[in-house]
Amino acid sequence: QVQLVESGGGLVQPGGSLRLSCAASGSIFSINSMAWYRQAPGNQRELVASSFNDGSTWYTGSVRGRSTISRDNAKNTVSLQMNSLKPEDTAVYYCNVVIKERLGSQVRNYWGQGTQVTVSS
């Protein structure tokens, strides 16, 4: 009923920047939260940044100060601007959205397909 489409990943040099975007579409009544996770090979999937409806945000310590999560409520999109990228930022990044659906008023958690971010010279 709900589809998440991610974009913006790619190969960047250390110190470079990327903007990841995630668009939600489908049977959406409201969005409770939007977030970005990442998973590097051999590592656990970790929460990178979260955006809540009260305007608050949260960042993991390794990206705090050089990343910004933002949301366009009218378009049901969330973005993650990442600056001063480091090799350790290399991972597959996943969008996660908690949505209250119109059909059945169910609250469900959805994942994007993942987008690869590679930071290398």
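Residues numbered from 1 in each chain as written. Predicted model: local features only at pLDDT ≥ 70, side-chain atom pairs only at ≥ 80, totals over all residues. Heavy atoms only, no water.

Caption draft 1: Representation of the packing of aromatic side chains in the model. Applying the stated rule across the entire model yields two aromatic pairs. Ring geometry for Tyr 94 against Trp 111: centres 6.4 Å apart, planes inclined by 85°, an arrangement best described as edge-to-face. Highlighted residues: Tyr 94 in strand 9 (residues 91-101) and Trp 111 in strand 10 (residues 107-111), separated in sequence by 17 residues. For Tyr 94, a relative accessible area of 16% gives the class buried. Directly above the aromatic system of Tyr 94 lies the positively charged group of Arg 45, at a separation of 3.8 Å from the ring centroid. We note Arg 45 situated over the ring of Trp 111; from NZ or CZ to the ring centre the distance is 4.8 Å. (Phe/Tyr/Trp six-rings, centres within 6.5 Å; stacked < 30°, edge-to-face > 60°. Helix = DSSP H or I, 4+ residues; strand = E, 2+ residues; numbered from the N terminus. Buried < 20%, exposed > 50% of the residue type's maximum accessible area, 1.4 Å probe, protein only. Lys NZ or Arg CZ within 6 Å of the ring centre and 35° of its normal.)

Caption draft 2: The nonpolar core, seen in detail. Core analysis: the largest hydrophobic core is formed by 29 residues, its most contacted members being Leu 4, Trp 36, Leu 80, Tyr 93 and Ile 99. Breaking this core down by element, the ones donating at least two residues are strand 1 (2-7), strand 3 (18-26), strand 4 (28-39), strand 5 (46-52), strand 8 (77-82), strand 9 and strand 11 (115-119). Tallying contributions element by element places strand 9 first for this core, with five residues. Here Leu 80 is in contact with Leu 18, Arg 19, Leu 20, Trp 36, Val 48, Ala 49, Ser 67, Thr 68, Ile 69 and Tyr 93, once residues within four sequence places are set aside. (Core = buried A, V, L, I, M, F, W, Y, C linked by side-chain atoms within 4.5 Å. Contact = heavy atoms within 4.5 Å.)

Limitation: the analysis is restricted to geometry and does not speak to function.
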